[in-house]
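So the chains spell out like this:
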Amino acid sequence: MFKSQAHSFTQQARLAISLSWVAGYTNALTLLTCGQVTSHISGSVSQLGVDVAEMRWSQAGYLLCLTLMFLLGAFTAGALTEFGRIRRFQSVYVLPMVAEAALLGLFALLVDWQANGTLAAGNARVWLTFLPSFAMGLQNATITRISGGVVRTTHVTGVVTDLGLELSKIAFRLVGWKRKLDERRAIQERWRALLLLSIPGSFALGAGLGTLCFDLFEAYSMVPAVVFLAMLVIQDVLVPITAV
């Protein structure tokens, strides 16, 4: 599933939708446990600027470290991918996904500890946000490499922007203000728009499911997403994309 330059559009779409679901789920749990989003850093960087201007150094330092964790995750994804390529792994993206599954597994354990009161209050916010931020940076960099920069899964701003551009092209062709494409390219354009539409939908679905699971069984609320991600990794190990 994760082999570079060998994936079909359908496989790319399935992977993007699946990872968007995991990202939305994870982001909802960090928001519910700590009041902090971790799947994207735009808001964190904005708040960092505000805190620096108002000289709230402790909070500014925390947000700077949170941003660096996302950056470190992206760096790690690139390093693991290059390592897999150098060692000629059949699936060069399996290592970053294994790392993400392990990190989110640790996050699930921390959520359990917090729910049971065994996680020290002073450390809760740091560990419950730094680990998932690292994992989301790793995931976003990995899917960026897989899709050649076309797809993002941990935030929806760029996806919605791309969707608006695609819809404008389709709309202009429908009213005859833009040159018609041949049928094959027109179908590809519509499928791309559908893929872009499905990603924020999957992200929102994951956030909703994460909230529901947190309300029903807080201690084990992260387990479904970790199991799902582990299944993706196992599928890639057992049936590499070059064999599909």
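For the structure itself, look to the data block above.
For clarity, every value in this text was computed on a predicted model and none was experimentally measured.

Quick look at the overall build of the protein
Inference 1: Looking only at helices and strands, the protein has eight helices and zero strands in total.
Inference 2: Counting from the amino terminus, the protein carries its helices and strands in the arrangement α-α-α-α-α-α-α-α.
Inference 3: Going through the 244 residues of the protein one by one, you find that 45% of them count as buried.
Inference 4: If you take every contact in the protein between residues at least 6 apart in sequence, the share linking residues at least 24 apart comes to 74%.
Inference 5: Of the roughly 12,200 Å² of accessible surface on the protein, a fraction of 67% belongs to carbon and sulfur atoms.

Quick look at the packing of helix α4 (residues 94-115) against helix α8 (residues 223-238)
Inference 1: Across the interface, α4 lies against α8 with an axial gap of 9 Å and an inter-helix angle of 160°. Considering the angle they form, α4 stands roughly antiparallel to α8. Crossing of α4 over α8 shows left-handed handedness. Note on element contacts: α8 touches α4 through Val-226, Leu-229, Val-233, Asp-236 and Val-237, opposite Val-94, Met-97, Val-98, Glu-100, Ala-101, Leu-104, Gly-105 and Ala-108.
Inference 2: Each residue belonging to the contact of α4 with α8 can be placed in one class, and the counts come to ten nonpolar, one polar and two charged.

Re the environment of Thr-142
Inference 1: Here Thr-142 lies in helix α5 (residues 121-147).
Inference 2: Remark: the alpha-carbon pair of Thr-142 and Pro-96, spanning 46 residues in sequence, is separated by 6.9 Å.
Inference 3: Apart from the residues within four sequence positions on either side, Thr-142 is in contact with Ala-77, Tyr-93, Pro-96 and Met-97.
Inference 4: Within the local environment of Thr-142, its side chain forms a polar contact with the backbone oxygen of Leu-138, the two atoms lying 2.7 Å apart.

Some details on the side chain of Thr-33
Inference 1: On the secondary structure map, Thr-33 appears in helix α1 (residues 9-34).
Inference 2: Since its relative accessible area comes to 14%, Thr-33 is described here as buried.
Inference 3: A distance of 2.7 Å separates a polar side-chain atom of Thr-33 from the backbone oxygen of Leu-29.
Inference 4: There is a polar contact of 3.4 Å between the side chain of Thr-33 and the backbone oxygen of Thr-30.

Here's the deal with the pattern of salt bridges
Inference 1: If you walk through the whole model with that rule in mind, you get six salt bridges.
Inference 2: Measuring nitrogen to oxygen at the nearest pair gives 2.2 Å for the salt bridge that ties Arg-56 to Glu-54.
Inference 3: Owing to a relative accessible area of 36%, Arg-56 belongs among the partly exposed residues under this scheme.
Inference 4: Across the salt bridge formed by Glu-82 and Arg-85, the nearest N and O atoms sit 3.1 Å from each other. Of this pair, Glu-82 and Arg-85 are both found in helix α3 (residues 57-86), three residues apart, which corresponds to roughly one turn of the helix.
Inference 5: Classification of Glu-82 by relative accessible area gives partly exposed; the value is 34%.

Brief notes about α3
Inference 1: With 30 residues, α3 should cover 44 Å at 1.5 Å per step; its first-to-last C-alpha distance of 42 Å lies within 8% of that length.
Inference 2: Among the residues making up α3, those that are buried are Ala-60, Tyr-62, Leu-63, Leu-66, Thr-67, Phe-70, Gly-73, Thr-76, Ala-77, Gly-78, Thr-81 and Gly-84.
Inference 3: Trailing α3 by a residue or two, Arg-88 shows a phi angle of about 60°, which is positive.

Some remarks on the side chain of Asp-112
Inference 1: Turning to its location among the elements, Asp-112 is positioned in helix α4.
Inference 2: We note that Asp-112 is buried and unpaired, the nearest opposite charge coming from Arg-125 at a distance of 21 Å.
Inference 3: One polar contact links Asp-112 to Asn-116, side chain to side chain, over a distance of 2.8 Å.

A word on the packing of aromatic side chains
Inference 1: Counting across every chain of the model gives three aromatic pairs.
Inference 2: Look at Trp-21 and Tyr-25: their rings are 5.6 Å apart centre to centre, the planes differ by 45°, and that puts the pair in the tilted class. Here Trp-21 and its partner Tyr-25 are both found in helix α1, four residues apart, which amounts to about one turn of the helix. Of the two residues, Trp-21 and Tyr-25, both sit in the buried class.
Inference 3: Through a chain of ring-to-ring contacts, the aromatic side chains of Trp-21, Tyr-25 and Phe-228 assemble into a single cluster.
Inference 4: Seen from the ring of Tyr-62, Arg-125 lies directly overhead, with NZ or CZ sitting 3.9 Å from the centre.

Here's the deal with the environment of Ile-170
Inference 1: Here Ile-170 shows up in helix α6 (residues 157-174).
Inference 2: Of the residues examined, Ile-170 reaches a relative accessible area of 17% and is grouped as buried.
Inference 3: Placed 20 residues apart in sequence, Ile-170 and Arg-190 show a C-alpha to C-alpha distance of 7.7 Å.

The rules behind these values
Residues numbered from 1 in each chain as written. Predicted model: local features only at pLDDT ≥ 70, side-chain atom pairs only at ≥ 80, totals over all residues. Heavy atoms only, no water. Helix = DSSP H or I, 4+ residues; strand = E, 2+ residues; numbered from the N terminus. Buried < 20%, exposed > 50% of the residue type's maximum accessible area, 1.4 Å probe, protein only. Contact = heavy atoms within 4.5 Å. Areas by Shrake-Rupley, 256 points an atom, 1.4 Å probe, with all protein chains shown as cover. Axes fitted to C-alpha atoms, helices over the stretch in contact; angles between N-to-C directions. Parallel < 35°, antiparallel > 145°, perpendicular 65-115°, else oblique. Left-handed = near helix turned anticlockwise from the far one by under 90°. Nonpolar A, V, L, I, M, F, W, Y, C, P; charged D, E, K, R; others polar. Polar contact = N/O pair within 3.5 Å; in protein donor to acceptor, adjacent residues only side chain to side chain. Salt bridge = Lys/Arg side-chain N within 4 Å of Asp/Glu carboxyl O. Expected span 1.5 Å × (residues − 1). Lys, Arg positive; Asp, Glu negative; His and termini not counted. Phe/Tyr/Trp six-rings, centres within 6.5 Å; stacked < 30°, edge-to-face > 60°. Lys NZ or Arg CZ within 6 Å of the ring centre and 35° of its normal.

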